[in-house]
Amino acid sequence: MTALVHETAALRTSLEGRGPLAVVMTMGALHAGHAALVRAARARVGDTGTVVVTVFVNPLQFGPGEDFERYPRTLDDDLEVCRREGVDVVFAPSAAEVYPREPVVRVDPGPPGSDLEGASRPGHFAGVLTVVLKLMNLVRPQLAFFGEKDWQQLSLVTAMATDLSLGVEVVGVPTVREPDGLALSSRNRYLSADERAAALALSRALQAGAAQGARGSEAVLAAGREVLAGASGVRVDYLELRGPGFSADPRGGEARLLVAARVGTTRLIDNVPVRLGSAA
Ligand SMILES: Nc1ncnc2c1ncn2[C@@H]1O[C@H](COP(=O)(O)OP(=O)(O)OP(=O)(O)O)[C@@H](O)[C@H]1O
Ligand SMILES: CC(C)(CO)[C@@H](O)C(=O)[O-]
Ligand code: BAL
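Residues numbered from 1 in each chain as written. Chains lettered and ligands numbered in written order. Predicted model: local features only at pLDDT ≥ 70, side-chain atom pairs only at ≥ 80, totals over all residues.

**Looking at the sheet that holds strand S1 (residues 3-5)**
Thought 1: Strands sit in the order S1-S4-S3-S2-S5-S6 across an open sheet of six strands; the sheet is parallel. Pairing within the sheet leaves two strands with one partner each, and these edge strands are S1 and strand S6 (169-173). Each strand axis lies, on average, 25° off the axis of its neighbour in the sheet, ignoring direction.
Thought 2: Alignment of strand S2 (residues 21-26) against strand S5 (residues 143-147), held across three bridges, turns out to be parallel. (Pairing = 2+ DSSP bridges. Helix = DSSP H or I, 4+ residues; strand = E, 2+ residues; numbered from the N terminus. Axes fitted to C-alpha atoms, helices over the stretch in contact; angles between N-to-C directions.)

Pasting the structure below:
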């Protein structure tokens, strides 16, 4: 049975005396990517453990002119997904429940918070980390599952858990894709058929770049940029490599190739791992 709770007091009551706790934080509009996080969480805590899904479109992480108002809110469908996936508790609070007042204190993501996504969306990661910390404090999980699709977010949440000694293990889950390579994203539902076709340039650019890993970082970036340059209807925000821990220096083995682009009015992001050869 999946319990739906909207208030923090009810959340605490519903979690009392439960076994090991795993949380999957979402903004709703659930898809197979979210389901993969839930399955990974269940695999870790087992049948005697508890899986909590939070559904909250966090105003703090949206900038002026972004899509906070139009972000899809589909709680009934989300509940169906959660029931199907055997989620124990869905916590879907109102904004007033999460922020009884405008928070004065916020989490500072440090310099990586101003890189890539943070450069395009000033204040975004302070908003993300503040709500993630708040939800951690409300749910008090042992484990928290985040998707690799939002690689910079995963890196920053992992860093926060370490640097602030949260006592929560942050687990990354590989990106779930459509058969043609498009990364699943709640924002894909904004795309028209033509835009959906154009959006494939992102995953194709990442694949083309990653295939050049052995030839070094310049070759990776050049191959990716070539694909994007030939794509119509795609306005590229960035295509960049980052190293372990989101460092600016991608040398030394495993790196990430990350892309962000606008297709029509929809901003999409994606990334893949890249194994860089010695020419890097
Ligand atoms: N395709 C995916 N594969 C794996 N995890 C995913 C995927 N899409 C989203 N997630 C993860 O699900 C969690 C909740 O993300 P969110 O609710 O913002 O969904 P989203 O699809 O990323 O939405 P948006 O389109 O707004 O970016 C995050 O940890 C995110 O990384
Ligand atoms: C982690 C998160 C739920 C915080 O609002 C959000 O950034 C998301 O859905 O990735
Ligand atoms: N999936 C990351 C949340 C955001 O874009 O605001």
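**Describing the environment of Ala 36**
Thought 1: Locating Ala 36 in the fold gives a position in helix H2 (residues 32-45).
Thought 2: Setting aside residues no more than four positions away along its own chain, Ala 36 makes contact with Val 173 and Val 176. (Contact = placed C-beta atoms within 7 Å.)

**Details of the pairing of S6**
Thought 1: Sheet analysis places S5 next to S6, joined by five bridges and oriented parallel. Following the sheet pairing, Leu 143 is matched in S6 by Glu 169.
Thought 2: Once you follow S5 into helix H7 (residues 151-163) and on to S6, the crossover reads as right-handed. (Right-handed = clockwise from strand over helix to strand, strands pointing away.)

**Quick look at the UniProt feature "active site" (unreviewed entry) in the chain**
Thought 1: When the UniProt feature table is mapped onto this chain, "active site" (unreviewed entry) is found at His 34.
Thought 2: When you line up the elements, His 34 lands in helix H2. (UniProt positions renumbered as here; feature names shortened; annotations may be inferred.)

**What about the nonpolar core?**
Thought 1: Residues Val 24, Val 53 and Val 259 are the most contacted members of the largest nonpolar core, which totals 71 residues.
Thought 2: For this core, the element with the highest residue contribution is helix H6 (residues 124-139), accounting for nine residues.
Thought 3: Each of domain 1 (3-173) and domain 2 (188-273) accounts for three or more of the residues forming this core.
Thought 4: Excluding its chain neighbours within four sequence positions, the residues that come into contact with Val 24 are His 34, Leu 37, Val 38, Ala 41, Val 51, Val 53 and Phe 145. (Core = buried A, V, L, I, M, F, W, Y, C linked by C-beta atoms within 7 Å. Buried ≥ 20, exposed ≤ 12 C-beta atoms within 10 Å, placed from the backbone. Domains from an automatic or database assignment.)

**Side note on the sheet that holds strand S9 (residues 266-275)**
Thought 1: One open sheet holds the three strands; their spatial order is S7-S8-S9, and the pairing between them is antiparallel. The two strands at the open ends of the sheet, each matched to only one other strand, are strand S7 (234-242) and S9. Averaged over all pairs of adjacent strands, the angle between strand axes in this sheet comes to 15°, irrespective of strand direction.
Thought 2: Two elements, strand S8 (residues 254-263) and S9, share 10 bridges in a ladder whose sense is antiparallel. In the strand pairing of S9, Val 259 is matched with Asp 270.
Thought 3: The sheet strands contacting helix H8 (residues 193-210) are S7, S8 and S9, and the helix crosses S9 at an angle near 20°.

**A closer look at the site of ligand 1**
Thought 1: In the neighbourhood of ligand 1, 18 residues make up the surrounding shell, with Gly 33, Gly 147, Leu 184, Ser 186 and Arg 187 lying closest.
Thought 2: Only H2 and S5 provide two or more residues apiece to the shell around ligand 1.
Thought 3: With four residues, H2 is the largest single contributor of residues to the shell around ligand 1.
Thought 4: Here the residues of the shell around ligand 1 sort into eight nonpolar, seven polar and three charged. (Near = placed C-beta within 6 Å. Nonpolar A, V, L, I, M, F, W, Y, C, P; charged D, E, K, R; others polar.)

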